[in-house]
Amino acid sequence: MTKMKNAERLNKIAPSGIRELFSRAQGIPGVISLGIGQPNIPTPKGLIDSVVRLIENGDNYYSPTPGTKIFREGVAEQNKRDYNLDFDPNTQILATASGCEALYCALMAFVDPGDEVLIPDPSFLTYPRQTVLAGGVPVWMKPTKELKIDTSNLQEYISERSKVIILNFPSNPTGEIMTSSELKPIIDLAVDNDLIILTDEVYEKCIFTDDKHIRVSNLDGAYDRTILLNSFSKTLCVPGWRLGYAAGPKEMIGQITKMHSFVVANAPSAQQNAIGEFINTSEFDEFTKKLRDTLMERMIKIVKGFNSINGISCRKPEGSFYAFPRVTFHKDYTTSKELSEEIFEKQKIVLVPGTEFGPSGEGHLRASFGSSSLEQIDEVMQRLEEL
Ligand SMILES: Cc1ncc(COP(=O)(O)O)c(C=O)c1O
């Protein structure tokens, strides 16, 4: 009898369908992938030069557990500069090895077995999986027609075991953004029921409206119970570097740091120092503007393309780099998953079934335009039209 049976906790979570599609599509000629969510805009040259210089000069060792001073001071300054938000760099910021690690450590630090975590439906597929890994119970918050969180009856999600609420704007996969007045009932709910707010703002620089990004920590009543989770994967086009952070009240960041010290011990050092300096330069502001403009051009094309195809309708995302078109089915495929398979098999296009992001994703496909050129978007639409 082998003892190499996996731990029970893994049986409770489904593998990531996005990563599976990503692996399947590798090496197949002619495939166009609108699957994985990473931007292909070249990483800023000044940032690359700086990390190379740091590594050549010996910045190759462990960093302090909470992160380097340069990084934490840089993050504090950028939050002040862009959002007039104060974090003490010594106690309120933790450098993490990615946004995913920040989320994991936060959930592990605060969720006890049986605690409930309120999660927008649909949303980033890692939220329910990490909740389950922490022993928690995901509670889906239903969407409105526009796929924002329906705030008409939030109380229905509350029980004795409610502990955490996760927010993510701009949203993966819908691209929706909620305004501060739309968010007010959610913050009130958190205050009235003593919930911790985890706000994932990794798409803060990918916004297509004229409105400025809202830091949830800045909303009335939120600061003392909110942990901002962030990452540079999308903002600086460095998903391979694995660098993010958590920022929030001192005591809470202290608990997350305790968890982090036993998960990865510290985030990559040279990347912290390079990014900590870069994010308060004019090159950073120029780069994030270029990122947004490039993504916006693709967004306009992809939305127009989807809407020109019979049986598909697509809202304009307000941010992120995802379109989440609604599809009508046909006798040969009656679920998003079957349709996604059909499109991959027949037309060699990777589109993620909406159900990967929650039950309300049925009837949708998610298309990432982070890495697709305008020509590829045209080609995708031609192939879909044929199908
Ligand atoms: C909403 C959201 N949060 C967090 C992440 C994780 O980013 P990373 O782990 O690369 O920092 C992603 C990645 O796709 C995401 O879409």
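Residues numbered from 1 in each chain as written. Predicted model: local features only at pLDDT ≥ 70, side-chain atom pairs only at ≥ 80, totals over all residues. Heavy atoms only, no water.

Its 13 residues give helix H7 (residues 180–192) an end-to-end C-alpha distance of 18 Å, which sits within 8% of 18 Å, the value for a rise of 1.5 Å per residue. What H7 keeps buried is the set Leu183, Ile186, Ile187, Leu189 and Ala190. Those residues of H7 hidden inside the fold are in contact with strand E3 (116–120), strand E5 (162–168) and strand E6 (196–200). Among the residues trailing H7, Asp194 stands out with phi positive, at a value near 55 degrees. (Helix = DSSP H or I, 4+ residues; strand = E, 2+ residues; numbered from the N terminus. Expected span 1.5 Å × (residues − 1). Buried < 20%, exposed > 50% of the residue type's maximum accessible area, 1.4 Å probe, protein only. Contact = heavy atoms within 4.5 Å.)

What the rule picks out here adds up to eleven aromatic pairs. Ring geometry for Phe71 versus Tyr245: centroids 6.4 Å apart, planes at 70 degrees, classification edge-to-face. One end of the pair, Phe71, is in helix H4 (residues 69–83); the other, Tyr245, is in strand E8 (residues 244–247), and 174 residues separate them in sequence. In this structure Phe71 comes out as buried when scored by relative accessible area, which is 0%. Both rings, one in Tyr203 and one in Phe321, keep their centres 5.3 Å apart while their planes meet at 85 degrees; by these two values the pair is edge-to-face. Taken together, the positions of Tyr203 in the loop between E6 and strand E7 (226–231) and Phe321 in the loop between strand E9 (312–313) and strand E10 (322–323) put the pair 118 residues apart, joining distant regions of the chain. Phe321 matches Tyr203 in its accessibility class, with the two residues each being buried. Ring-pair connections join several aromatic residues into one group, and the members of that group are Phe71, Phe232 and Tyr245. (Phe/Tyr/Trp six-rings, centres within 6.5 Å; stacked < 30°, edge-to-face > 60°.)

What follows covers the pattern of salt bridges. It is possible for side chains bearing opposite charge to pair when their charged atoms get close. Throughout the structure, instances matching the rule amount to 22 salt bridges. Between Glu182 and Lys148 there is a salt bridge; the shortest N-O distance is 3.2 Å. Linking Glu182 in helix H7 with Lys148 in the loop between strand E4 (137–141) and E5, this pair joins segments that are 34 residues apart in sequence. Taking relative accessible area as the criterion, Glu182 reaches 29% and is therefore assigned partly exposed. Under the relative-accessibility criterion, Lys148 is labelled buried at 14%. Across the salt bridge formed by Lys184 and Asp188, the nearest N and O atoms sit 2.9 Å from each other. Taken together, the residues span about one helical turn, with Lys184 and Asp188 both in helix H7 at a distance of four residues. (Salt bridge = Lys/Arg side-chain N within 4 Å of Asp/Glu carboxyl O.)

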